[in-house]
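Each chain, letter by letter, is given below.
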Amino acid sequence: MNNPLRFDVRDITRIAVFAAIIAVLGLPGAIPVFGGAVPITAQTLGVMLAGVVLGPWRGAAAVVIFEVLVLVGLPLLSGGHGGAGVFVGPTAGYLIGWIFGAFVIGAIVRADRRRPTWWRVALGCFVGGIGVVYAFGVPVQSLVTGLPLGPTALSSAVYLPGDVLKIVVATLIALTLWRAYPRAFGGAQVSTVSSTAGPVSAGSAGAGSSRAASTDAARPDAARQ
Amino acid sequence: MIAVYRPGSSLLHRMPAGLKVLGFMASALAITFTAGSVWTQPVAAVLVCAGYLVAGLGLREILRQVWAVRWVILIMLVTQFVFLPPVVASANTGRVVTIMVLAALITLTTRIPALLDATESSLAPLRRFGVNPAGVGLVLGMTITTIPVIAGFAATIREAQRARGVPVRITTFAVPLLVMSLKHSDDLADALTARGAG
Amino acid sequence: MTSLPLISFDAVSVDFAGRTALRDVSIVLHQRRIGVIGSNGSGKSTFARMLNGLVSATSGTVRVHDLDAARQAKQLSRKVGFVFSNPDAQIVMPTVAEDVAFSLRGRGLSRTEVDDRVASTLQTYGMSDHADAPAHSLSGGQKQLLALCAILIGRPDLVVADEPTALLDAANTRRIGNHLLDDLEQQLVLVTHDLRLAARCDVVLRFDEGRLVESGDPTSVIERYEREHA
């Protein structure tokens, strides 16, 4: 693919569906997070999984779509937050970090274009989900709150254990998903399924562009199971 | 979907979304760069109150918005008081809360479709990088439609696992959710193609 | 019989990932209401999906209303409206009116033209009261009606419905069935497990294990199908 931002129909629906999954993971009572014992949100887990399952470009696009909906005011962040306010508050940098984090996770997990291995998923989620997210989050938080960088980083460290736990969970989920439904990891950017079809720019008209992929999709159950 | 929009016909409600966003950005920058002055905080507070009154939302709405960011305030105050002098700590917290409450004013007075349209048109300069604004608009609409569908999947899975007596855990929950969602995505792709939109 | 446009299959086979979904199907159809029956996995859905280019033939040619399904898939998807079983999967936009209007994207119509056509289509199917309702708040039957509106607003020449009543109760099955079988002017291909709906067609095709095993008068085709599966 020359332009990685040219998505075909199947990419587009996957981006929309994953943006919706990230949203649902933040709805109250939608998901049981370790029996409620650990006060963490499942939303960052959704961001990690977007990168792992969709790969760098589509994964980052799903996070962008989710965040635009938050920006325009849908109360989709954990705890029912949303609106322009969260993008000027102390957590703004983390939200931006999610986008790049999903990209880096996807790039690391999909580097060899084969099945995901546990160490690659864990490494990707560690570098992208913690390294990149904090690299954006901490300096912006320091800038917004006026608290120097060092103390800000120190105070953010309380979230680290939860994030490490999420890496473990994301890895378990990714490997189980691979066994249960390997097609999940398919698509324009890993397989050659739709490479014969002319890709179209994000959602633009041009029927038939994904016919090769759709032929495969017509019988999702019959094809691989 | 619960939107935070409050219907009304005030000057702020009628103002184009893009103008409101620009106005907000200018105010936020002004508040940030004049943070050293003793006048900034009182002037900003008056500005916020005036905005909420003009929008017909009343001062109680400001309290509701402050309450909505109570965790931000709490966490900020705790960390700031540990590391900074009390005056600076409270000024910093006040500034962040003021800007967040001011930003909420955009969301409170603009319908989501209007903001989505504004988002779409603001993407026009990105065309040269291969971004298609209408396509982005389509994905945004499709996501809004899909959220209740995925939430329905989540509810079904929880019920099924409770019915089988399986303890509902995140791993046993997330895998079926992902499988159902990705199959739904394939169905949606077929429907889009069939409707000539592919 | 007035001369309706033709659907013709000439020695058509389809393979999916090493499995043959359709085997050497040849038929010419000119009837208005075409019923398609057969057990799960018999190839009837694949047959339906070929009519709008969602699935293309591995060998053989499919012609639908003077279009070659393989080479003119883009024109074909405009001419053919497709109703799926699960309405949740075919609704793409947030509100009823927006979703119906979505079908007219890229046709160069003005905003008022689009709004007028949306309003009159919703009116025809008794959906006007729901125009601004979130699509997901509708009942299953209403969602399928919405899907039908979204297709008919594009004024297709052929409507293909793949088990459109599979998820509906008896009353809604009757309602959607009546809309498709009695109210439409267009040619209709109705894939269904509901033999009462199939019986109301002008011709019925029966598929089994990827082969077209029988076609003709609904009563006799359905009778033999029921006898074999008794």
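Residues numbered from 1 in each chain as written. Chains lettered and ligands numbered in written order. Predicted model: local features only at pLDDT ≥ 70, side-chain atom pairs only at ≥ 80, totals over all residues. Heavy atoms only, no water.

Caption draft 1: Inspection of the overall build of chain A at higher detail. For chain A, the count of helices and strands is 9 helices and 0 strands. Shown N-terminal to C-terminal, the secondary structure of chain A runs as helices and strands in the order α-α-α-α-α-α-α-α-α. Put simply, chain A has 225 residues, and 62% of those count as buried. Sequence-distant contacts in chain A: of pairs separated by 6 or more residues, those separated by 24 or more amount to 70%. (Helix = DSSP H or I, 4+ residues; strand = E, 2+ residues; numbered from the N terminus. Buried < 20%, exposed > 50% of the residue type's maximum accessible area, 1.4 Å probe, protein only. Contact = heavy atoms within 4.5 Å.)

Caption draft 2: Expanded view of the overall build of chain B. A count of helical and extended segments in chain B gives 9 helices and 0 strands. Scanning chain B from its N terminus toward the C terminus, one meets helices and strands in the order α-α-α-α-α-α-α-α-α. Computed over its C-alpha atoms, the radius of gyration of chain B comes to 22 Å, more than 25% above the 16 Å expected for a compact globule of 198 residues. Scored against the burial criterion, the 198 residues of chain B give a buried share of 49%. Long-range pairs, those at least 24 residues apart, make up 64% of the contacts in chain B between residues at least 6 apart in sequence. (Rg over C-alpha atoms; globule rule 2.2 N^0.38 Å.)

Caption draft 3: Expanded view of empty space enclosed by the protein. Considering all chains together, one arrives at 8 cavities of 30 Å³ or more under this definition. When its volume is computed, the largest cavity comes out at roughly 120 Å³. Contributing to the lining of the largest cavity are 13 residues, with A194 and R195 of chain B together with S77, V80 and I151 of chain C lying nearest its centre. Every element with two or more residues in the lining of the largest cavity is listed here: α2 (73-79), β6 (80-83) and α6 (140-152) of chain C. Of all the elements, β6 of chain C adds the most residues to the lining of the largest cavity, at 3 residues. Across the lining of the largest cavity, the residue classes tally to 6 nonpolar, 4 polar and 3 charged. (1 Å grid on protein atoms, 1.4 Å probe; cavity = no way out; pocket = protein on both sides within 12 Å on 5 of 7 lines; lining within 4 Å. Points joined across faces, edges and corners; volume = space filled by probe spheres on them. Nonpolar A, V, L, I, M, F, W, Y, C, P; charged D, E, K, R; others polar.)

Caption draft 4: Local environment of the packing of helix α3 (residues 56-71) of chain A against helix α4 (residues 92-109) of chain A. Residues and elements named next belong to chain A. In contact at an axis separation of 7 Å, α3 and α4 are set at 160 degrees when each is read in the N-to-C sense. As far as their axial angle goes, α4 and α3 are roughly antiparallel. The hand of the α3/α4 crossing is right-handed. Side by side, α3 and α4 meet where P56, W57, G59, A60, V63, V64, F66 and E67 of the first sit next to L95, I96, W98, I99, A102, F103, G106 and A107 of the second. Its residues placed into classes, the contact of α3 with α4 shows 13 nonpolar, 2 polar and 1 charged. (Axes fitted to C-alpha atoms, helices over the stretch in contact; angles between N-to-C directions. Parallel < 35°, antiparallel > 145°, perpendicular 65-115°, else oblique. Left-handed = near helix turned anticlockwise from the far one by under 90°.)

Caption draft 5: Here's a closer look at the sheet that holds strand β7 (residues 158-162) of chain C. All names here are of chain C. Here we have 6 strands laid out as an open sheet, ordered β6-β7-β8-β3-β9-β10, and mixed in their pairing. Sheet topology places β6 and β10 (211-216) at the edges, where each strand pairs with a single neighbour. Between one strand axis and the next, the sheet turns by 15 degrees as a mean value, whatever way the strands run. Relative to strand β9 (residues 203-208), strand β3 (residues 33-37) runs parallel, the two being bridged by 4 bridges. The residue of β9 that forms the bridge with I37 is R206. Along the sheet face, α6 touches β6 and β7 and points at about 170 degrees away from the line of β6. (Pairing = 2+ DSSP bridges.)

Caption draft 6: Geometry of the domain arrangement of chain B. Split into domains, chain B comes out as domain 1 (11-122) and domain 2 (128-194). The distance between the C-alpha centroids of domain 1 of chain B and domain 2 of chain B comes to 34 Å. (Domains from an automatic or database assignment.)

Caption draft 7: How the structure looks around the pairing of β3 of chain C. Residues and elements named next belong to chain C. Taking burial as the measure, the 5 residues of β3 include 4 buried ones, the bulk of the element. Pairing of β3 with strand β8 (residues 187-191) involves 4 bridges; the strand directions are parallel. By the bridge assignment, I34 is partnered in β8 with V189.

Caption draft 8: Here's a closer look at the sheet that holds strand β4 (residues 59-64) of chain C. Residues and elements named next belong to chain C. Strand order in the open sheet formed by 4 strands is β2-β1-β4-β5, and the pairing between neighbours is antiparallel. The open sheet is flanked by β2 (19-29) and β5 (67-68), the only strands paired with a single partner. As paired elements, strand β1 (residues 7-16) and β4 share 5 bridges and run antiparallel to each other. Counted as the bridge partner of S13 is S59 from β4.

Caption draft 9: Quick peek at the pairing of β1 of chain C. Residue and element names in this part refer to chain C. Most of β1 sits out of view: 7 of its 10 residues are buried. Pairing between β1 and β2: 7 bridges, direction antiparallel. When the sheet's bridge partners are listed, V14 is paired in β2 with L22. Hairpin connection from β1 to β2: 2 residues lie between these consecutive antiparallel strands, with A17 at a positive phi of about 35 degrees.

Caption draft 10: Looking closely at the confidence of the model for chain A. All names here are of chain A. Across chain A, the average pLDDT comes to 77, with 73% of residues at or above 70. By mean pLDDT, helix α9 (residues 220-224) is the weakest element of chain A at 35, and α4 is the strongest at 95. Here residues 34-39 is modelled with pLDDT under 50, and outside its nearest four sequence neighbours on either side it reaches 6 contacts, counting other chains as well. When the criterion is pLDDT under 50, residues 188-225 qualifies, and its contacts beyond four places in sequence or with other chains add up to 101 contacts. (pLDDT = per-residue confidence, 0-100.)

Caption draft 11: Here's a closer look at the interface of chain C and chain B. In this complex, chain C contributes 21 residues to the contact, which on the side of chain B involves 19 residues. When chain C packs against chain B, the two sides together hide about 1700 Å² of surface, and 63% of this comes from carbon and sulfur. For the interface between chain C and chain B, the tally reads 2 salt bridges. One salt bridge in this structure joins D99 of chain C and R195 of chain B, with 3.3 Å as the shortest N-O distance. (Buried area = accessible area lost by both parts, 1.4 Å probe. Salt bridge = Lys/Arg side-chain N within 4 Å of Asp/Glu carboxyl O.)

Caption draft 12: Fine view of α6 of chain C. Residues and elements named next belong to chain C. Taking 1.5 Å as the rise per residue, α6 with 13 residues should run 18 Å; its terminal C-alpha atoms sit 18 Å apart, in good agreement. With 11 of its 13 residues buried, α6 lies for the most part within the structure. When α6 is considered as a whole, its buried residues turn out to be G141, K143, Q144, L145, L146, A147, L148, C149, A150, I151 and L152. Turning to α6, the residues buried within the fold contact β6, α3 (87-90), α4 (96-102), α5 (111-124), β7 and α7 (170-183). (Expected span 1.5 Å × (residues − 1).)

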